[in-house]
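Coordinate inspection notes
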Amino acid sequence: MWSVHMKFVKMHGLGNDFIILDDTDHRQKNGREGFETEKHCCEESELSPELVRHFCDRHRGIGADGVIRVCNAEHPQADFRMKLYNADGSPAKMCGNGIRCLGKYVYDHGKTEKVNLLIETDAGLYRLQLIKKEDTDRICSVRVDMGTPEFVPEHISARFLLFRPVCVSMGNPHCVLFVESREAMLQFPLKQEGTVIGNEEIFPEGVNVEVVWVQDAGHLWMRVWERGCGETFACGTGACAAVAAAMRQKKCGASVLVRMTGGELLVQYDRRHGHLYLTGPAEEICHGKFG
Ligand SMILES: N[C@@H](CCC[C@H](N)C(=O)O)C(=O)O
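Quantities reported herein were computed from a predicted structural model and do not represent experimental measurements.

Inspection of the region around the ligand gives 15 residues, with Asn16, Gly96, Arg227, Gly236 and Thr237 positioned closest. In the environment of the ligand, an oxygen atom lies 2.9 Å from a nitrogen or oxygen atom belonging to the backbone of Asn97. Compared with its free state, where it exposes 360 Å², the ligand has 99% of that area covered by protein. Every element with two or more residues in the shell around the ligand is listed here: strand E4 (80-86), helix H2 (96-108) and helix H5 (236-248). Here the shell around the ligand is composed, by residue class, of five nonpolar, eight polar and two charged. For the shell around the ligand, the domains that each give at least three residues are domain 1 (6-147) and domain 2 (150-279).

Turning our attention to the domain arrangement of the protein chain. According to the domain assignment, the protein chain contains domain 1 (6-147) and domain 2 (150-279). For domain 1 and domain 2, the distance between their C-alpha centres works out to 24 Å. Across the boundary between the two partners, domain 1 contributes 26 residues, which contact 26 residues of domain 2. Connecting domain 1 to domain 2 are 11 residue pairs in polar contact (both at pLDDT 80 or more). Residues that form the side of domain 1 that touches domain 2 fall into these classes: 11 nonpolar, nine polar and six charged.

Calculation notes
- Residues numbered from 1 in each chain as written.
- Predicted model: local features only at pLDDT ≥ 70, side-chain atom pairs only at ≥ 80, totals over all residues.
- Heavy atoms only, no water.
- Near = heavy atom within 4 Å.
- Polar contact = N/O pair within 3.5 Å; in protein donor to acceptor, adjacent residues only side chain to side chain.
- Areas by Shrake-Rupley, 256 points an atom, 1.4 Å probe, with all protein chains shown as cover.
- Helix = DSSP H or I, 4+ residues; strand = E, 2+ residues; numbered from the N terminus.
- Nonpolar A, V, L, I, M, F, W, Y, C, P; charged D, E, K, R; others polar.
- Domains from an automatic or database assignment.
- Contact = heavy atoms within 4.5 Å.

Structure (structure tokens):
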């Protein structure tokens, strides 16, 4: 049915998984010697929503929560550009787990020798610090300057007021709901309520929904219903939105471990700039050729 032939790399951040398609120019100025830095993928026009859905299909495709195109930067100061598509083919502006995977990808695949990168996204520019595994030249984790959370009005249906919803933009939209116990978080009907909230009039472009239990000032537990994917194992922008919302309600401090189904992310708040910093792993699973 599909006549495409594309090389891909599959990666994940805490089980939030992505198909990486490399659309960078092989003449990338900072590319390292000894690596095959050949361009091996699609132009934007070739990546239709149908094709993204097909790639992400866990039964008939490769299977993933989204597709990331790694492109040459258009901004003069940026090193690379990230283009992200959710599993349903819809575009998204920012992805905290995905941008860490991109950082590891460009370094480990010889596209750059820099460990401090500036990445262009549809939500703006993001600074990444790549952290190497001890005694190796491989990247094991990435720290991202996620910028300033923006709070947006929370006029969602009265049935959700009990959960003290906080609506936050981290470059993409989030609606954070608080519950009183870990059990309540685990039993929360996330699919049902996430779908209802995602269809609220105040979110014409949909929303990512987080259900959060504050264990203490340094630990949050969270499940996430992602726009365009459904429930995922982890969400980087969602973890930052949860911490921003908890800080606003004076429930947590400036350094918080956010525990999700797939593992933990560290979110730190820098009072001087009002920025949130996200630190967590990124891993390559496999590579292959589609078609
Ligand atoms: N999982 C991501 C966010 C991906 C985009 C999101 N589904 C949206 O549509 O905004 C993350 O780690 O931030």
